[in-house]
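Here are the chains, one letter per residue:
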Amino acid sequence: MTRPAPSLPPPSKKRKLQKDSELAKSIQLLEEQLTAAVAASSSLNPLADLVELAVSARDAQDTSKAIYALYRVFVVIISAGKLNAGGAIDDAAKIVKAWTWERLTSYVDLLCGLLKDEENLLRISALQILFSLQKHLSTAASASAVDAQPQFHVAHFRKIVSALLLCPPSLRAAQSSGGVLDADVLHLFHETWFSVHDDVRWFFLREAGSLVNAAPTAEHPKLPQNLLALLEGLNTFPTEKAELNAWWVAEMGVKPPKPKPSKRGAAGASDSDEEADGDVVDNDEDDWRKFFDEDATAKDMNKTKTQAPGTRLHKMTVHQSLHSLSSHRAVFTRAWLALLPRLSAVRDEATRTSLLQRALNVMHRGVMPHLTRPVLIMDWVGGSVDYGGTVGLLALNTLFTLMKEYNLDYPAFYTRLYAFLDRDVLHSKHRARFFRLTELFLSSTHLPAALLASFIKRLARLSLSAPPAAVVLAIPFTYNALKRHPALMAMIHRAETDGPVADAFDAAEPNPMLTRAIESSLWELASHRAHYVAGVSTLSKIFSEAFTKQSYAMEDFLDHTYGTLFEADASRKIKKEPAVAVEMEKRVQLFPAADKEMDGDVVSELWSFA
C-alpha cells in the first residue's frame, strides 16, 4: 500500500542520533504492525496499545516519537477510508469504525493538551500534527460525500479551537497550565494558518464566537485574553472578493455554484457539521447567519435594504459562504461582539484595563472597517468611556470615528471629553496621546466658539500647576485653536484694568457651553512669560506677537520631558554673556527703616524660627 504524502513541514535541522529506548522500540514495532494491518484489512487492536504508550510516556523524546508514529498510522487509516461511512456497512463494521474514532479522539485530546506542554518542541509538533490531520480528515470526508460537496471536518477543528482558547493542561504536566496561550504556539498558528488561509480563518471565527458564548466566565477566565491575542494581530482580513484565494483544505478552493432560492434557512448545514463518528450532523442553528443581512456603510446605514426573494445571504451553503466576503465579515462581527462584553467583565482591574486598552487600540483601524454594522459596538464603546483615563480616552477616539465615518449621533461627546481635562491628564504619561487625539476632536472649524473657549481656558488654568513639558504642549495647542477660530482672539486681547477683576470663567461647570470662558482671558498663559524654564518663557511670547505662522506641528512638542528641556537649554548657544556680578553703590542699606534702631546681628535673627 502506498503511503500518502505527508502534510507536515520538513524538519528544520538534523537531530543527533540517540540510542532508542525500550519504549521507542515498542512504538516502532506497533507502528509497523498497524501499517501492515491496515493494508491487509486485519485487526487494529495494537492501536489501543500505541495510544496508551503515547499517553503514558513521560520522556519528551519518547512522547515525540509516539505522537508522530500515531500520526503516520492515522493518516494511513484515514486515507484507506476506515473512518468514513462510504455507503451501507454492517453492524460489525460500524462497531470497528466507532472504536477507531474513539482512539483518534484520545489521540487528539493528547495533542490538544501538548499545546501547553513545557517542551517547546512538543507544543509546536502537536499544533502541526493537529492541522495536518485536519487536512486529511477533510479530504477524506470530501471524497466520500454523497453529494460530492467539499467538506471541512468541523468536529476536529472545534477541538483545535477549544485547545487554543481554553488551553487544557498537558498530560505530562504535574500542575495546571495557567490557561494562557504560549507565545510560540500563538505565533505559529497566526503566521502559518490564521493569517494565511481563508477557510481556517472563517471557521475559527465562527467557532470562537460560539465557544465564547458557551464557555462559563468563572471556569475559563483566560479565554478573553487568548482570543484577543489572536484577533488583535489579524491584519490580513480580506477587503475584496478576489483576496479569498488561499485554502488549507484544497477542496474548499473549488468555485461553488451560485446561491439558489431555498425554503430552508440552513440549506448547507450538512456541508460542515460532521461529528466524530462521521455520520451525525449538527443541526443547531448557527447564530452567525443573522449578521449576513446587515452590510451597511456610512452612506446607506439608515436606508432600508431590500433583496429579491431567494437571494438572502444566510441561505448559502457553508462552501458558498467561504467564497463570500459578506460571510467573512459576518463571522468576524460575531466573534468580536461575543468577545467585547467578556473583556469588560474581567474581575482583576489591572488585567481588565490592559485588555480594554489593547482592544481599543485596534478598534478604529483593524476592527470597525470589517464589521457588518460598526454601530453594533456603540453600547460597549460608550460604556468604556466611563472607565476614564487611557481607556476612556481611547474609547472616545473610537466613538469619534463612529460619529465621523458612520453617522453615529452622540450629543454628549464634547461634554465627556471636557471631563477628561483635569489635573491628572497633564501629569499622566499618556498626555501626548491625549493632546494628539484632542486636537483631532477639536479640529473642525464648525464647532461653536464658546465650546472651544472652554477647552483652551481650562487647559490654561491647569497649566499653572503643570510640569514644564506639559506647558510646552499647551501653548502651541492653544495657538492652533486660536488660529483656526478667530472669534477666540478676544481672549488674548482683553483690555487691562487697573484693579483686580473677577474671572468670568466658571471652572466648576461641567457643560463646556455654559462656562462663560469666552468672556474671560488667557492670563494664565501670559503668566508663563516669567516661567523659570527659559524654553517655556520664550515659547509663551508667541501670543504677544503677530500670528503669522499658520500652525504649529504638535508632533514636535509631544515628546518633551524634563530631560529634553534641560538638554535644549544646556546646548543653547549664548548670544549675550550673562551678568556674573553687580556693581553696587558704596552704601547699601539692607534695612533702611530700622537702620538705626536695630541692634545685634540682624541676619541671625532672620534665621530664627522659634
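Residues numbered from 1 in each chain as written. Predicted model: local features only at pLDDT ≥ 70, side-chain atom pairs only at ≥ 80, totals over all residues. Heavy atoms only, no water.

- The protein has the name CBF/Mak21 family-domain-containing protein in an unreviewed UniProt entry, where Mycena pura is given as its organism.
- The annotation that UniProt attaches to the protein under Sequence similarities (unreviewed entry) is "Belongs to the CBF/MAK21 family." (UniProt positions renumbered as here; feature names shortened; annotations may be inferred.)

1. Some points on the packing of helix α5 (residues 120–143) against helix α6 (residues 154–166)
Right, on to step 1. Between α5 and α6, the shortest axis-to-axis distance is 9 Å and the interhelical angle comes to 160°. Classed by the angle they form, the pair α5 and α6 counts as roughly antiparallel. In terms of crossing hand, the pair formed by α5 and α6 is left-handed. In this structure, α5 uses Leu 127, Leu 130, Phe 131, Leu 133, Gln 134 and Leu 137 to contact α6, whose residues at the interface are His 156, Phe 157, Ile 160 and Leu 164.
Right, on to step 2. Considering only residue class, the contact of α5 with α6 consists of eight nonpolar, two polar and no charged. (Axes fitted to C-alpha atoms, helices over the stretch in contact; angles between N-to-C directions. Helix = DSSP H or I, 4+ residues; strand = E, 2+ residues; numbered from the N terminus. Parallel < 35°, antiparallel > 145°, perpendicular 65-115°, else oblique. Left-handed = near helix turned anticlockwise from the far one by under 90°. Contact = heavy atoms within 4.5 Å. Nonpolar A, V, L, I, M, F, W, Y, C, P; charged D, E, K, R; others polar.)

2. So, the environment of Arg 494
Right, on to step 1. Assignment of secondary structure puts Arg 494 in the loop between α19 (468–484) and α20 (523–526).
Right, on to step 2. Taking the relative accessible area as the measure of exposure, Arg 494 reaches 37% and is therefore partly exposed.
Right, on to step 3. Put simply, Arg 494 and Leu 522 are 28 residues apart on the chain and 9.1 Å apart in space, counted from C-alpha to C-alpha.
Right, on to step 4. Residues contacting Arg 494, with those up to four places away along its chain left out, are Ile 518, Glu 519, Ser 520 and Ser 521. (Buried < 20%, exposed > 50% of the residue type's maximum accessible area, 1.4 Å probe, protein only.)

3. What to know about unusual backbone geometry
Right, on to step 1. Even without a glycine there, the phi angle at Cys 167 is positive, about 55°.
Right, on to step 2. In this fold, Cys 167 is placed in the loop between α6 and α7 (183–194).
Right, on to step 3. Cys 167 sits in the buried class, given a relative accessible area of 3%.
Right, on to step 4. The residue Arg 516 is not glycine, and still its phi comes out positive at about 60°.
Right, on to step 5. Looking at the element boundaries, Arg 516 is found in the loop between α19 and α20.
Right, on to step 6. Relative accessible area serves as the criterion here: at 47%, Arg 516 is assigned to the partly exposed category.

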